[in-house]
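# Architecture and fold: a report
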Amino acid sequence: MEPSLALRAGVGIVIILVAAFFAAKRGLFLTNLIRSGQPAVGRTSEPATRLEAEATEVLGQRKLLKWTVPGIAHVFVFGGFLILGLTVVEAVVELFIHGFSFPFIGTWPVIRFLEDLFILLVFIGIVIFLIIRLRNKPSDKGRWSRFYGSHTSGAWLVLVMILLVIATLTLYRGAKINLAEYAGDPEAAGMTGGFVSIAASKVLAPLGATANAWLETIGLWLHVGVILGFLLIVLNSKHLHIFTAPINVGTSRRPNALGPLLPMYSDGERLDLEDPADDATYGVGRVEDFTWKGLLDMATCTECGRCQSQCPAWNTEKPLSPKLMMMNLRDHAFTKAPYVMAAQKANDGKNPEFGDVNEEVLARMSDKVQAEVARELVGPRDFDPLRETDGYDASGHRSHEGPVIDTDALWSCTTCGACVNQCPVDIEHIDHFVDMRRHQVMIQTEFPTELNGLFKNLENKGNPWGMNANLRNAWIEEVDFPVRVFGADGEDKIPDDVEYLFWVGCAGAYEDRAKATTKAVAELLYTAGVEFMVLGDGETCTGDAARRAGNEPLFYMQAVQNVEVLNEVGAKKIVVTCPHCMNTLGREYPEFGGNYEVVHYSQLLHSLVYENRLVPVNRVDDTVTYHDPCYLGRHNQVYTPPRVLLESLPGANLVEMERSGEKSFCCGAGGARMWMEETLGTRVNQNRADEAIGTGAGKVAVACPFCSVMLNDGVTVRKQEGAAQDVEVVDLAALMLESVRTPGSPTDGAGSGDPEPAQA
Ligand code: SF4
Ligand code: SF4
């Protein structure tokens, strides 16, 4: 006896209704959860760039393909989801209409061929994923596996489910071909071109007509059942990204969440730091303070571990993994959600402070939710760097006790941007970490004690070193060529003949090695005939470190003051030596009304060499490796000019470190880490210095005063240990000057008084 259409449809309806009920319930929960977040500003502006992101990142899989093998495997599976979408609809309708296929295209051999091609490619993709997971098992590699702490069993289940999707599809289509064959009308199956299905039919043919009839129906039930089961698994796991990633990418910061930090918002309005509202929120102190985009980020994390694998903190055995941070926040948000949503409902949609209403609401919640509500968002967790990482034991199992985010993890971030750059679904880690730091600093006054010195020096002296402002011009006395200082001749505006305002920066004025760079850049500009002027004691710190340390009011104070001065003097074009100054002046000050064209000195020198206004002639005759500063490279996309400059030096042989360009490894100083002790794990600067030394280069070129300090220190340690000898850390400008300065040049015999590059 063969299965009737009524039986086939009846079972089909039951499967669909059960799955639809649970899927709708979960979908509603997720939608309400994301909607419970605070307003996020500007997430639909620039629709053209958002469409482009959808085209390149979602459809084109651009970021996934940065990792070739897993990227290609993902393209196969993703392509399968798109192409095989047709077969899913067909299968559901076939439960009710025997032999259904889409009109016109459904039986087109090209479509059938494509569908079956993707059955094959999805299979290959899944095999690649299986191999990758087997070779990167957290149980074998511990924290060095990018899947450490991820839900690995869930991932295995999903891989098996995808295999079952294509297996059941092939089964029912193979049997369907045979049924048409037995009926004497092979074309009726409409499977011409479906080479995988045809091959399956050949295997099933000997079983006979009745068996194939049952196989077609059972295969169809299984296929629809597996797909619906898969849907429920997706909605309840990290594979939720299948639905949320396109939305997350489409609403992410454009062009990316690097460079400028976001200002502080409270309830969707820019926080007025001079006159804040009584009920203003300051940063993120509870998970419900995140915006809906923050919650969407959490829901979208695929747990792929690409961010973790690149993170300098994680790679030097700190408790910070950007992936685990997102996962911890997600687990917390999801568990606490019933309370947050109920409390908001009882308070007209607003996040209530803890009070009578909340206590009432809380009393109705389960023990699990109540325990989650009681957890602090940020606080010290028990942490043993040798055994545990932020509540994860050696095999990656998590503890849900104690604060959600470990204090040490939060303060380990250098804001290097590697995580944001790598994340295939555009998660904005740095924004979230800085928002949590803001709350810790401004409300809890809980931050590493070393930052007290930084904050005090910035407040009192306008620079992190606490030096006197009148020493900002000290470097000028050490050079023997004229340097124009604003106001020295009584001017109240930058004169028209001045092309660039040279923003010296605090390091460039006070720190010895950075001072050498300042002098070298000034001499190169003078040699090339570029008219420039400095502000002298009119400069004050840009506030980069204060902002990244979460002290937004201090940053605000610095920014307002600097913008006022710069606008007053009529600054238009600014050249800097420090990438942090470049980022702040050029990309953060526009929000304060400061709009300037800001270039890093490597960009300006690059133009001057191109225009033959600077000609490197002296031979360098050495191998040089270049360390990309995070705030020049990843945050501001300046990768080429420093390399072109190095290649222009006669005799210089440029070799790249393995982690270079957008994959460059941080020096350890960003995110205000320059001003904090590094007591956990190994040292970031040492890790990078070892990599640079490992290239065999005689010179390690840097283009940032903080990188210079960090790498010099790292190389010095290895020299003292006897592990490195003939290697020196040199600033790009010093190298250029060495090669440009000739007996005939304007500063010959005089110059900066420091023609040698900074020595390690
Ligand atoms: S910004 Fe850098 S240090 Fe911070 S979490 Fe991301 S990768 Fe790690
Ligand atoms: S790279 Fe993005 S998606 Fe992958 S684990 Fe990190 S945060 Fe999650």
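Scoring rules and cut-offs
- Residues numbered from 1 in each chain as written.
- Chains lettered and ligands numbered in written order.
- Predicted model: local features only at pLDDT ≥ 70, side-chain atom pairs only at ≥ 80, totals over all residues.
- Heavy atoms only, no water.
- Near = heavy atom within 4 Å.
- Helix = DSSP H or I, 4+ residues; strand = E, 2+ residues; numbered from the N terminus.
- Nonpolar A, V, L, I, M, F, W, Y, C, P; charged D, E, K, R; others polar.
- Pairing = 2+ DSSP bridges.
- Axes fitted to C-alpha atoms, helices over the stretch in contact; angles between N-to-C directions.
- Contact = heavy atoms within 4.5 Å.
- Phe/Tyr/Trp six-rings, centres within 6.5 Å; stacked < 30°, edge-to-face > 60°.
- Buried < 20%, exposed > 50% of the residue type's maximum accessible area, 1.4 Å probe, protein only.
- pLDDT = per-residue confidence, 0-100.

With respect to spatial proximity, 13 residues lie near ligand 1, and among them Cys311, Cys413, Cys416, Gly417 and Cys419 are the closest. Broken down by secondary-structure element, the contributors of at least two residues to the shell around ligand 1 are helix 18 (418-422) and helix 19 (429-444). Each residue belonging to the shell around ligand 1 can be placed in one class, and the counts come to 10 nonpolar, 3 polar and no charged.

Strand order in the open sheet made by the 4 strands is 11-10-12-13, with parallel pairing throughout. Of all the strands in the sheet, just strand 11 (652-655) and strand 13 (728-731) have a single pairing partner and so form its edges. The sheet shows a mean angle of 35° between the axes of neighbouring strands, taken without regard to direction. Sheet topology note: the strand 12 (residues 699-702)/strand 13 ladder contains 4 bridges and is parallel. Bridging across to strand 13, Val702 finds its partner in Asp731. Where helix 30 (residues 732-740) meets the sheet, its contacts fall on strand 10 (622-626), strand 12 and strand 13, and the angle it forms with strand 13 comes to roughly 80°.

Pairing is parallel in the open sheet, where 5 strands are placed in the order 5-7-6-8-9. Unpaired on one side and paired on the other, strand 5 (484-485) and strand 9 (597-600) mark the two borders of the sheet. In this sheet, strand 7 (residues 532-534) lies alongside strand 5 in parallel orientation, the contact comprising 2 bridges. Bridging across to strand 7, Val485 finds its partner in Val534. Those strands touched by helix 26 (residues 601-610) are strand 6 (500-503), strand 8 (573-576) and strand 9, and its axis lies near 80° from that of strand 9.

Our focus in this paragraph is the packing of aromatic side chains. One pass over the full model with this rule turns up 16 aromatic pairs. With a centroid separation of 6.4 Å and an interplanar angle of 80°, the aromatic rings of Tyr589 and Phe592 are classed as edge-to-face. Judged by relative accessible area, Tyr589 falls into the buried class, the value being 0%. Aromatic rings pair up to connect Phe555, Tyr556, Tyr589 and Phe592 into one cluster.

So, about the confidence of the model for the protein chain. Per-residue confidence for the protein chain averages 92 on the pLDDT scale, and 95% of its residues sit at or above 70. The low-confidence segment residues 750-760 (pLDDT under 50) makes 34 contacts with residues lying over four places distant or belonging to another chain.

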